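Coordinates in review
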Amino acid sequence: MPNAVHIHHFAKSGHAHRALVFAKLAGIAHEAVPVDLVGGAHKSPEFLAMNPNGQVPVLEDGEVVVSDSNAILVYLARTYAPDWIPSDAVGEANVQRWLTLAAGEVAFGSCAARLITLFDAPLDPDFAAATAAKAMQKLEHGLNGRDWLVGDRPTIADVANYSYTAHAPEGNVSLEPYPNVRAWLARFEALPGFEAMPATAVGLVAE
Ligand SMILES: N[C@@H](CCC(=O)N[C@@H](CS)C(=O)NCC(=O)O)C(=O)O
């Protein structure tokens, strides 16, 4: 592998954790570059030039710049860790289904619920709780009788859905009703190279 890729992140962002934990699990040489979200560094002209949405994570790999956590997972897997993304059409389509969940009900459910409790985000708690429950039910059903979301080994589908699902209790979303999900989280956390996102105390405090 050439030079380390740079992952611009914020320690308490589950979206950024997706990229970081994947680099660790897949053994991709990387440098974590902290972005001061509290101080507004993500809205600076330099950062907006990398990601006009002004959000972490952003990946830099030489001349290549990729924003959006799921897009970063696809890029990293295709470039450095092909075992983590199926090459057949059906497998890849199934991975995409789960990336959609991660960008949909997981983001607007488990992630939003945590934004409300930890960072006082002006979002609807009832909608977040109901959406988180939908995400959990889909994961619970999808993991019935299987270890991983797609195929018989971990893929970026698991990575994309892991971070906010594991930290859902921080948003008062219980994992208790979802035994398949809890077993899957434990399996994911036992993978070599796994590193947790730090549990978060209430408040948007810079790391
Ligand atoms: N769809 C994006 C969402 C990224 C996102 O929401 N990042 C948050 C941190 S978790 C952020 O940078 N928020 C700052 C802002 O939106 O101003 C992704 O998957 O990367």
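Keep in mind the model is a prediction, meaning the values are calculated, not measured. (Residues numbered from 1 in each chain as written. Predicted model: local features only at pLDDT ≥ 70, side-chain atom pairs only at ≥ 80, totals over all residues. Heavy atoms only, no water.)

**Focus on helix 7 (residues 156-166)**
Burial of helix 7 is extensive: 11 of the 11 residues sit out of reach of the surface. When helix 7 is considered as a whole, its buried residues turn out to be Ile156, Ala157, Asp158, Val159, Ala160, Asn161, Tyr162, Ser163, Tyr164, Thr165 and Ala166. At its buried positions, helix 7 is contacted by helix 1 (14-25), helix 3 (69-80), helix 4 (89-103), helix 5 (105-119), helix 6 (125-142) and helix 8 (179-189). (Buried < 20%, exposed > 50% of the residue type's maximum accessible area, 1.4 Å probe, protein only. Helix = DSSP H or I, 4+ residues; strand = E, 2+ residues; numbered from the N terminus. Contact = heavy atoms within 4.5 Å.)

**Focus: the domain arrangement of the chain**
Domains assigned within the chain are domain 1 (5-83) and domain 2 (85-189). Contacts between the two partners involve 17 residues from domain 1, matched on the other side by 20 residues from domain 2. Carbon and sulfur atoms supply 60% of the area buried between domain 1 and domain 2, which totals about 1500 Å² over both sides. Looking at the side of domain 1 facing domain 2, the largest losses of area belong to Arg18, Arg78 and Asp83, adding up to 34% of the total buried there. Counting the contacts that link domain 1 with domain 2 gives 1 salt bridge. Between Glu92 and Arg78 there is a salt bridge, and its shortest N-O distance comes to 2.9 Å. At the boundary of domain 1 with domain 2, the tally comes to 10 residue pairs in polar contact (both at pLDDT 80 or more). Contributing elements (two or more residues each) for the side of domain 1 that touches domain 2: helix 1 and helix 3. Among the elements that line the side of domain 1 that touches domain 2, the one with the most residues is helix 1, at 7 residues. (Domains from an automatic or database assignment. Buried area = accessible area lost by both parts, 1.4 Å probe. Salt bridge = Lys/Arg side-chain N within 4 Å of Asp/Glu carboxyl O. Polar contact = N/O pair within 3.5 Å; in protein donor to acceptor, adjacent residues only side chain to side chain.)

**Focus on the sheet that holds strand 1 (residues 5-9)**
Strand pairing in a sheet takes place through backbone hydrogen bonds and is either antiparallel or parallel in direction. Spatial strand order, 2-1-3-4: 4 strands in an open sheet with mixed pairing. Looking at strand neighbours, the two that pair on one side only are strand 2 (30-34) and strand 4 (64-67), the edges of this open sheet. Between one strand axis and the next, the sheet turns by 20° as a mean value, whatever way the strands run. Where strand 3 (residues 58-61) meets strand 4, 4 bridges bridge the pair, whose relative direction is antiparallel. Residue pairing in the sheet places Glu60 in a bridge with Val65 of strand 4. Relative to the sheet, helix 1 contacts strand 1 and strand 2, its axis offset from that of strand 1 by approximately 150°. Its contacts with the sheet place helix 3 against strand 1, strand 3 and strand 4, and it is angled at close to 140° to strand 4. (Pairing = 2+ DSSP bridges. Axes fitted to C-alpha atoms, helices over the stretch in contact; angles between N-to-C directions.)

**Digging into the site of the ligand**
Taken together, Ser13, His15, His42, Lys43, Gly54, Gln55, Val56, Pro57, Asp68, Ser69 and Tyr164 make up the full set of residues near the ligand. Between the ligand and the protein, one listed contact pairs a nitrogen atom with a backbone N or O atom of Val56 at 2.9 Å. In the environment of the ligand, a nitrogen atom lies 3.0 Å from a nitrogen or oxygen atom belonging to the side chain of Asp68. Starting from 510 Å² of accessible surface for the ligand in isolation, the protein chains cover 73%. Residue composition of the shell around the ligand, grouped by class: 3 nonpolar, 6 polar and 2 charged. (Near = heavy atom within 4 Å. Areas by Shrake-Rupley, 256 points an atom, 1.4 Å probe, with all protein chains shown as cover. Nonpolar A, V, L, I, M, F, W, Y, C, P; charged D, E, K, R; others polar.)

**Quick look at unusual backbone geometry**
In this structure, the amide linkage connecting Val56 to the following residue, Pro57, adopts the cis form with an omega of 5°. Of note, Asp120 is a non-glycine position whose phi angle comes to about 60°, a positive value. Topologically, Asp120 is positioned in the loop between helix 5 and helix 6. With relative accessibility at 69%, the residue Asp120 sits in the exposed group. Even without being glycine, Asn172 reaches a positive phi, approximately 65°.

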